[in-house]
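# Report on the structure
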Amino acid sequence: MDNHAVEACNYIESLVNVSPSIGLILGSGLGELVNELKNPVFIRYETIPHFPLSTVSGHEGQLAIGKLLDTHVVMLQGRFHFYEGYSLQDVVFPIKVLKRLGVKQLILTNAAGGINRSFSAGDLMLITDHIQLFYDKQNVPSSKLQHFQPQMIYSKALLNKAENVARRTQIPLKKGIYAAMSGPSYETPAEIYMLQKLGADAVGMSTAPEARFAFESNIDVLGISCISNMAAGILDEPLSHEEVIETTERVKASFKKFMKELVKEIARKDVNHG
Ligand code: HPA
C-alpha cells in the first residue's frame, strides 16, 4: 500500500512543481472552494495510480493544486466513505498521498447533522474531538499493530487559529464533538438520542478515520462541519441528501471566506503538533 502512495504521489508531482504544505478535504457540497484557487491544476482521481473513485453525488472526484490567496494548497474535491464499500485503508489512502506530497496541516471538512439543539442548519462547527462508531479489521495505519497514546487528535493550535479567524471575520462558529456513523442510511431518532447521550454535538459518516490517520502520521488536523440539517428526530422534518446540498449552497459564501482567511492564518507560521 505504501508503494501505491509513492506511485500516486510521483504521478501528481510529475504534473505540478509545487509542494503544498496545507491540504484540504472538501466534504459534500463544499467542493466549490476549488474555484477560489489561482492557477489551479486539476487531476482527476481516475488518472492517479491506485486512487479510489468517488461514487457519491456532491463529491466531484478530483484533486486540485493551486494558490488560495498567497498560499499553495492541495484540495481533494470529494472523499471516500466506508459506506461506499471502501475499507478504512482505502478511506485514508489520500492522506498517505498528501503526507508524501509534504502536507503538514490538514483541514477536513464535512456536512453533518446537528444534534446539539443550540445549532441550526447552516452553522459551521469546529470539531474539538470525535467519537468513531465504526471500524473494520484493517483499521491499522501501518503494518505494525501499535497502541497510540490517547491524545487529542485535533490540533489545539489550529483550533485557536480557527477561532481567531472567526473573531476577525465575524463569521459565527460553533464548537463540538463529531460522531462518525458508518452510514449510508441516516440515523434513526433513537440513534440520535443515543449519540446525544454520548455527548455528540453533530453526526456524519466521514472524517474520523481520516483525522486519526493524519494525526498518527504527524499531520496537524483541523475538522470543520457544516451543519447541513438537524439530525433525525431533533426537528419534526425528514432528512434528505438534497437538503444537505441545499444548505451547503446557502452557506458557501461564508464558508469560502472563512476557509481563505483560515489558510492565510495557518500559513502565517508553521504550527507545532499538538
Ligand atoms: N446524519 C449523518 N450524516 C450526515 C447528516 C446526518 O444527519 N447530515 C449530513 N451528513
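The model shown is predicted, which means the values in this text are computed figures rather than measured ones. (Residues numbered from 1 in each chain as written. Predicted model: local features only at pLDDT ≥ 70, side-chain atom pairs only at ≥ 80, totals over all residues. Heavy atoms only, no water.)

## Side note on the packing of helix 1 (residues 2-15) against helix 3 (residues 93-101)
Let me state the cut-off plainly: Every axis in this analysis is a line fitted to C-alpha atoms, fitted for helices over the stretch in contact. Angles between the N-to-C directions lie between 0 and 180 degrees. A run of DSSP states H or I qualifies as a helix once it reaches four residues; a run of E qualifies as a strand once it reaches two. Both are numbered from the N-terminal end. Here roughly perpendicular refers to angles of 65 to 115 degrees, roughly parallel to angles under 35, roughly antiparallel to angles over 145, and oblique to all remaining angles. Should the near helix be turned anticlockwise from the far one by less than a right angle, the crossing is left-handed, and should it be turned clockwise, the crossing is right-handed. By definition, residues are in contact when any of their heavy atoms lie within 4.5 Å. Each residue gets one of three labels, nonpolar for Ala, Val, Leu, Ile, Met, Phe, Trp, Tyr, Cys and Pro, charged for Asp, Glu, Lys and Arg, and polar for the others, Gly among them.
Where helix 1 contacts helix 3, the two axes come as close as 9 Å, and the packing angle between them is 55°. Here helix 1 is positioned oblique relative to helix 3, judged by the angle of their axes. Handedness of the helix 1/helix 3 crossing: right-handed. Taking contact as the criterion, the partners of Asp 2, His 4, Ala 5, Val 6, Ala 8, Cys 9, Ile 12 and Glu 13 in helix 1 are, on helix 3, Phe 93, Lys 96, Val 97, Arg 100 and Leu 101. Of the residues in the contact of helix 1 with helix 3, the class split is eight nonpolar, one polar and four charged.

## Comments concerning the side chain of Gln 89
Worth spelling out the cut-off: We define a polar contact as two N or O atoms separated by no more than 3.5 Å, with the added condition that, inside protein, one atom must be a possible hydrogen donor and the other a possible acceptor, whereas residues neighbouring each other in sequence contribute only through side-chain atom pairs.
Inspection of the secondary structure assignment puts Gln 89 in helix 2 (residues 88-91). A polar side-chain atom of Gln 89 sits 3.5 Å from a polar atom in the side chain of Lys 96.

## Description of the nonpolar core
Spelled out, the test is: What is meant by a nonpolar core is a set of buried Ala, Val, Leu, Ile, Met, Phe, Trp, Tyr and Cys residues, joined one to another through side-chain atoms within 4.5 Å. Buried means the residue's accessible area, taken with a 1.4 Å probe over protein chains only, is under 20% of the maximum for its type, while exposed means over 50%, and partly exposed covers the values in between.
Residues Ile 12, Leu 63 and Val 97 are the most contacted members of the largest nonpolar core, which totals 56 residues. Membership of the second largest hydrophobic core comes to 30 residues, among which are Val 34, Leu 37, Ala 162 and Val 263.

## Considering the pairing of strand 9 (residues 220-230)
Regular strands place side chains that alternate from one sheet face to the opposite one. Put simply, the test is: By definition, two strands form a pair when at least two bridges between them are found by DSSP.
When you tally the buried positions in strand 9, you get 11 out of 11 residues, the bulk of the element. As paired strands, strand 5 (residues 105-114) and strand 9 are joined by 10 bridges and run parallel to one another. Bridging from a neighbouring strand, Ala 111 pairs with Cys 226 of strand 9. Here strand 6 (residues 124-132) runs beside strand 9; their pairing, made up of three bridges, is antiparallel. Bridged to Met 125 within strand 9 is Ser 225.

## Observations regarding the pattern of salt bridges
Our working definition: A side-chain nitrogen of Lys or Arg and a carboxyl oxygen of Asp or Glu constitute a salt bridge if their distance falls within 4 Å.
Per the stated rule, a full pass over the model turns up 17 salt bridges. Between Arg 168 and Glu 265 there is a salt bridge whose closest N-O contact spans 2.8 Å. Of this pair, Arg 168 sits in helix 4 (residues 156-169) while Glu 265 sits in helix 7 (residues 241-268), and the two are 97 residues apart along the sequence. Overall, the relative accessible area of 42% leaves Arg 168 in the partly exposed class.

## With respect to the site of the ligand
Threshold: The nearness test applies per residue and asks whether one of its heavy atoms lies within 4 Å of the molecule or strand. Each accessible area is a Shrake-Rupley result for a 1.4 Å probe, and residues are judged covered by the shown protein chains and nothing else.
By nearness alone, every residue bordering the ligand is listed as Ala 111, Ala 112, Gly 113, Tyr 186, Glu 187, Val 203, Gly 204, Met 205, Ser 228, Asn 229, Leu 239 and Val 244. Glu 187 places a side-chain nitrogen or oxygen 2.7 Å from a nitrogen atom of the ligand. Within the side chain of Asn 229, one N or O atom sits 2.7 Å away from a nitrogen atom of the ligand. In isolation the ligand has 260 Å² of accessible area, and contact with the protein removes 95% of it. Every element with two or more residues in the shell around the ligand is listed here: strand 5, strand 8 (202-204) and strand 9.

## Concerning the confidence of the model for the protein chain
Under the convention used in this document: Residue-level confidence of the predictor is summarised by pLDDT, bounded by 0 at the bottom and 100 at the top.
Counting all residues, the mean pLDDT for the protein chain is 90, and 92% of those residues have values of 70 or more. Summarising per-element confidence for the protein chain, the mean pLDDT is lowest in helix 7 (89) and highest in strand 8 (98).

## Some details on helix 4
Basically, it comes down to this: For a helix, the expected span equals 1.5 Å multiplied by the number of residues minus one. To be clear, the arc concerns the directions from the helix axis to the C-beta atoms.
With 14 residues, helix 4 should reach 20 Å at 1.5 Å per residue; the first-to-last C-alpha distance of 20 Å fits that figure. Residues of helix 4 that are buried: Leu 158, Leu 159, Lys 161, Ala 162, Val 165, Ala 166 and Thr 169. Looking straight down helix 4, one finds its buried side chains confined to an arc of 160°; they lie on one side. Of the residues in helix 4, the exposed ones pointing more than 90 degrees away from the buried face are Lys 156 and Arg 167. The residue sitting at the N-terminus of helix 4 and contributing the capping side-chain oxygen is Ser 155; that oxygen lies 3.3 Å from the backbone nitrogen of Ala 157. Positive phi appears at Gln 170, one or two residues downstream of helix 4, with a value of about 60°.

## Considering the side chain of Thr 247
Mapped onto the elements, Thr 247 comes out in helix 7. Here Thr 247 falls in the buried class, since its relative accessible area comes to 5%. Within the local environment of Thr 247, its side chain forms a polar contact with the backbone oxygen of Ser 228, the two atoms lying 2.7 Å apart. Excluding residues that lie within four positions of it along the chain, Thr 247 makes contacts with Ala 121, Gly 122, Ile 227 and Ser 228.

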